[in-house]
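Listed below, chain by chain, are the residues.
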Amino acid sequence: MVRDPATILIVLVLPLILLFLFGYAVSLDASRTRVAVVLEDSSEPALSLALAYQNSRYFEVTMARTVEPVRDLMVDGKARGIIVIPQGFGRQIQTGRAAIQIITDGSQPNTANFVAAYSNGVLTNWTALRQLEAPVAGAPMSPLQIAPRYWYNPALKSRFFLVPGSIAIVMAMIGTLLTALVVAREWERGTMESLMATPMRMTEFIASKVVPYFLLGLGSMVLCSLTAVFLFGVPFRGSVIALIAMSAAYLMPALGMGLFISAATKNQFVASQIALLSSFLPSFLLSGFLFEISSMPKPIQIITYLVPARYLIPSLQTVFLAGDFWGLFWPNIAIMLGFGFGFFLLSFRMTKRSLD
Amino acid sequence: MTARQPLPVASAEGLVKRFGAGPAALDQVSIAIRPWQMTGLVGPDGAGKTTLIRILAGLMTADAGTLDILGGAPIDALEDIGYMPQRFGLYEDLSVLENLTLYAELRALPKAEHDATFDRLLTFTDLKRFQSRPAGKLSGGMKQKLGLACALVRTPKLLLLDEPGVGVDPISRRELWSMVSDLTEEGIGVLWSTAYLDEAENCDIVYLLNDGKLLFEGPPEALTDGIEGRVIKVTDFDDNRRHVLTRALDRSDVIDGTLQGRAVRLLVKEGCAPPDRTVLNEGEQTRVSQASARFEDGFIDILGGGPTGTSQLAQNYREIPVSDAPAISANGLTKKFGDFTAAEDMNFTVGRGQIFGLLGPNGAGKSTCFKMLCGLLTPTSGTGAVAGKDIRRAAAHARSSLGYMAQKFSLYGDLSVAQNLAFFAGVYNLGGAAAKAAIGQMTELFNLGDRLNVNAGTLPLGFKQRLALACAVMHQPPVLFLDEPTSGVDPVARREFWTHINGLVEKGVTVLVTTHFMDEAEYCDSVTLIYRARQIASGSPDDLKAEAARITGAGDPTMEDAFIALIERSEQSNAPGLAA
Amino acid sequence: MERLRAIILKEIWALLRDPKGRIILFAPPLLQLMIFSFATTLDVNNARIGILDQSGGAQAQELVQRIAASSNFGEIQRLSSHDGLARAIDRQEIIAAVVFEPGFDRALAAGKPATLGIILDGRRSNAAQIVAGYISNIASDAAAQRSGGSGPVSGIVTNWYNPSLDYIWFTLPSLIAIVSAVAGLSVTAQSVARERELGTFDQLMVSPLRMHEILIGKMIPPWLVGMLNGTIFLAVATLFFHVPFTGSLLLFYLSLAVYMFALIGVGMFVSAASTTQQQAFLGSFLAMVPLILLSGYASPIENMPDWLQMVTLINPARYFVVIVQGLFLKAMPLDLVLEQLWPLCLIAIATLSISAWLFRARME
């Protein structure tokens, strides 16, 4: 088992690659978005505002005098937004009726939203500061202040929720993909036939296939968690017991599905294709890992209820970032165990001691 | 308990098993396996042997029929059944000892007995030296022995062996046979399934399966006795032996015939008098003598005889022009993989219109040699030529003048018969009208018309073989390379195949063939025996048999005896210290 | 020519007749179309939020009604205490809660600054930030209306290329890059490995087919599959989802062709390196994950650390994603397309030559 390159790949190489990619590559935090500031006005307020943008930690600013030269930057994605401080800005601001233009690259809506929000943020701050220094007559200070507080992840690092989430995907891979592969190989190579001709009982047989991969799955979960905490600095606020309990519960449907796929296909290649389509992709896309389930159309939302990872990912994010909330964990664990029971039942029926 | 007719350890009556639509895989089959006996289950691939064994082992349920294994259902007797599936059921990544331990635990052998049992089995199978080697790294013969050992960790009452001899050289097959015979002496009932009909002759009781039906049951002599007197051997004729065989097979009173060295062996139709010298009209010196009947003769007789002697394929084939250069030549061909020498200093030439056989145990180097000549491997040193074209410098030219039939008839299983034909026509540069004509001809000659749109993968084995041959000869090459061209097919299909080859050879086609069937080596004009990467003997089949007779002192050895004798001699001369 | 025709035809037949081949060919693109276009949105709609109104005043009421009227939010949960709020967030019943302090209305009525609190679930920081944006927009709109005007300086947001920030306008073009990559890569990766496993590869090698004929024969069908997939998605995106295509169709196909060759080189490399279909599958999977995640589709490249941005330079998808997004939405002119196209050409040449080299080297 350990000598098999496919196993090493799935147990060690793929999880690490995934973890690293989610730790480093996939970042939804628009921390260094490149924007262009077009300064058409050269009055003192205009310069001061441009400076505010340059000093913002959210933007990497390219300065320009007109919009034309930065248009191309937008087309090939080298800038995600243009902030135009128009001619006469300095004059207008005296009258309390100034406006700047914020142009975003709509081809990437998520980034566009951030650019708009952060640009407005910079603007608001700048206005507030100037009013403190020299209140402008006739311009009432906005009486409504909005104070958002982000619990559990005040620094808003997407890595903090992506890395724990990817642990679920790694376990899906080991539980389903690897199990399906290895057991299908036994069918292919005929060792399954020999096993069935021994007096071994069906339950023993299933257990002998499940226990090693269960342990392997837990092992890789521990490895990934350690990497998450010590390499990526993800906080761990819950208890180890809770982490293990939910992982163990999740491995049940994952393993059951792997067994079921291998028993149904008895062919490594088909098994791996089906495992990919029915386990890896859904846990990736339909589990709330990257994409909000509530934003999906209703029919797809219904499908997500059948994806076991959907029940693990919120619990995982909670146990890392928030702490032990058993009120959230219990129902999820129960549902996962239920799925696991169902899949095992199915594989039992498929693996009847028979080659028919 | 008497040794003669003890109660069976396993018996079945009227078993029927169907897979989907189509003919039944097993049709009303009854069988009884008795202790102290070797029961043979014989038949070509696809006859239903594996299905029957799986039903007996409790891995499948029959659609109809009754089953009694050790007085009950198989599921209640699992502890007493030893089962070795076709691919031996070994974990390739585990070592020999780990495999044994695994099966001992699965069969709940008490821990205390482990060491003694393993010691006994490893001694018995002579695997002691290799106990820490991974099973995947063992040779075919050793895997087989290990598979047997795993089936024996708890001495069973019933031992089911599914084609234990498949893909293994004659020496290993004989060793395994004698091991299993020892087991029957202990009172185990053994079922030995095989596609090699000569193995049947040594069984106590034989069940002959074909297309799911039981054609014969009883002691093997019962079958051969029935045709005693109808098998004749013709020698000392004037003409070329292939011509003689062709003419004999075209006779109405001869239903089957094979070549045996310089002799032609014929099976006479029931009720006809064996033809004598004058009737055969093959020259004054011709001698006709009685030969002992073989199990295969009996099988062919039940099936109603083999094909006639003239090959339609050969008749439509072009005449290969005579040339001075040998059709195939190997001069010091050597192939090394790192420090491992797979083939060393291969030398031979094959003239136009000759059949040349490469024989040898698995892994001895015969496929390496074969692959170098057909351009699949580049030789480390030495040169070779096919149809006068150097295999290194003019590889593509050499390749276009050969037809190739791969092991297991590797065709594109998901492509239809017609698509396979079209592809190979195109690959060999037959375009438009030429391709159409060639495909039409092959379809007709090999009777593929009904199956043109069927996926090649779903064809019965005999048809796969025909299609593979059709794809190999469509461009009428002067040289044919055949890699195990008849493994697994029934004897009638084998006869048909050799009829075509014999006919093609008469047109000047040169054939290079590897085979496991020693009786097929008899069709070759000359053979070379490869062992441990070297040629240890070369010559005509009769030369080799004569040499073997000199070594062993026994008269009239079969090709298989010769094979074994020559390898043993090579072992001895290489022996202690010098072994490769 | 006859030989080349024969092998190309054979490869196409093999693709269409092999049931496993068909799985690779049709299932992933269809699934991706389904799932990606509808499910993979980073937009936030129907978000569930809670309201803890401790002020009970009319101003707070009005704001709550505005929030409830927004299509971005689903059902609004009324909370009665801070404990209840904490519980709802902890259990992820809501992603955010709006808190009106007891003095909220009084402060507003007195013209004094009032604070609107928003508690957000940082475990889903991306969605949470978007929700925060929505709420503060609603709140400032309300404030602006009440005070009869906006602040001294307002930022007027214009979204170029995709004025309503429709997420699908982003997803579908990028999907062409992803789907044709997945299909092209896995089909190519299987091609040699499958023949090796079935034993037909020897048959090919023994035939008079030249090495380059086999290579070309094995590359053309996946290339066609990629082009076909690209065309289908182009059609679906423009006709069915009405995503505007503003650039040149010629440039689109030119870039797609080069892109496919770059990927087929990768696929052929995987295929030549593997002996079984299993290995080929895992190999292409291994190549696919970074290819997609480092393409700029999953998340913007500029968010990655510098060293990783360097790594993305060898990712063909990186360039093609820019090109398709440009050609669809931004009417990308020739010179800017070429700027992305030449590195893509270099990558294609590199992957094709490396795979041809490996293919030859692995002949034995």
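Predicted, not measured: the structure shown is a model, and the values here were computed from it.

*Asks:* Explain the overall build of chain B here, please?
*Replies:* A tally of regular secondary structure across chain B gives 20 helices and 23 strands. Relative to a compact globule of 580 residues, whose C-alpha radius of gyration would be 25 Å, chain B shows 25 Å and is just as compact. Projecting the C-alpha coordinates of chain B onto the three principal axes gives extents of approximately 70 × 60 × 55 Å. Across chain B, the fraction of contacts at a sequence separation of at least 24, relative to all contacts at a separation of at least 6, is 72%.

*Asks:* Looking at this structure, I do not really get the sheet that holds strand 4 (residues 64-69) of chain B. What am I missing?
*Replies:* Strand pairing in a sheet relies on backbone hydrogen bonds, with the paired strands running either antiparallel or parallel. Residue and element names in this part refer to chain B. Taking strand neighbours across the sheet as the criterion, the three strands line up as 2-1-4 in an open arrangement whose pairing is antiparallel. Two strands bound the open sheet, and with one partner strand each, they are strand 2 (26-33) and strand 4. Direction aside, the axes of adjacent strands within the sheet are offset by 15° on average. Bridging between strand 1 (residues 10-17) and strand 2 involves five bridges; their strand directions are antiparallel.

*Asks:* When you look at the interface of chain A and chain C in this model, what are you seeing that I'm missing?
*Replies:* Reports of interface size often rely on the accessible area that becomes lost once the parts have come together. Taken together, the 104 residues of chain A in the interface contact 99 residues of chain C. At the boundary of chain A with chain C, total buried surface from both sides reaches about 8,900 Å², with 65% on carbon and sulfur atoms. In this structure, C:Glu339 and A:Lys78 form a salt bridge, with 2.9 Å as the shortest nitrogen-oxygen distance. Residue contributions to the side of chain A that touches chain C peak at 13 residues, all from helix 5 (residues 109-133) of chain A. Of the residues belonging to the side of chain A that touches chain C, the class tally is 64 nonpolar, 27 polar and 13 charged.

*Asks:* Help me understand the packing of aromatic side chains in this model?
*Replies:* Both the distance between ring centres and the angle between the ring planes are used here to describe each pair of aromatic rings. Tallied over the entire structure, the rule returns 40 aromatic pairs over all chains. Here the aromatic residues A:Phe22, A:Phe280, A:Phe284, A:Phe289, C:Phe281 and C:Phe285 are joined through ring pairs into a cluster of three or more. Sitting over the ring of B:Phe463, B:Arg466 keeps its end group 4.6 Å from the ring centre. The aromatic ring of B:Phe423 is capped on one face by C:Lys10, whose charged end is 5.4 Å from the ring centroid.

*Asks:* Looking at this structure, I do not really get the UniProt feature "domain: ABC transporter" (unreviewed entry) in chain B. What am I missing?
*Replies:* In the numbering used here, UniProt assigns the feature "domain: ABC transporter" (unreviewed entry) to residues 10-236 and 328-557 of chain B. Its end C-alpha atoms 30 Å apart, residues 328-557 of chain B is made of 37% helix and 26% strand.

*Asks:* So what exactly am I meant to see when it comes to the sheet that holds strand 10 (residues 231-235) of chain B here?
*Replies:* Residue and element names in this part refer to chain B. Pairing in this open sheet of four strands is antiparallel, and the strands run 11-12-10-13 from one edge to the other. Edge positions in the sheet fall to strand 11 (254-260) and strand 13 (287-290), since each has one partner strand and no second. On average, adjacent strands in this sheet sit at an angle of 25° to one another, irrespective of strand direction. Summarising the sheet, strand 10 and strand 12 (residues 263-268) pair through four bridges and their orientation is antiparallel. Considered in strand 12, the bridge of Val234 is made with Val264.

About the cut-offs
- Residues numbered from 1 in each chain as written.
- Chains lettered and ligands numbered in written order.
- Predicted model: local features only at pLDDT ≥ 70, side-chain atom pairs only at ≥ 80, totals over all residues.
- Heavy atoms only, no water.
- Helix = DSSP H or I, 4+ residues; strand = E, 2+ residues; numbered from the N terminus.
- Rg over C-alpha atoms; globule rule 2.2 N^0.38 Å.
- Contact = heavy atoms within 4.5 Å.
- Pairing = 2+ DSSP bridges.
- Axes fitted to C-alpha atoms, helices over the stretch in contact; angles between N-to-C directions.
- Buried area = accessible area lost by both parts, 1.4 Å probe.
- Salt bridge = Lys/Arg side-chain N within 4 Å of Asp/Glu carboxyl O.
- Nonpolar A, V, L, I, M, F, W, Y, C, P; charged D, E, K, R; others polar.
- Phe/Tyr/Trp six-rings, centres within 6.5 Å; stacked < 30°, edge-to-face > 60°.
- Lys NZ or Arg CZ within 6 Å of the ring centre and 35° of its normal.
- UniProt positions renumbered as here; feature names shortened; annotations may be inferred.

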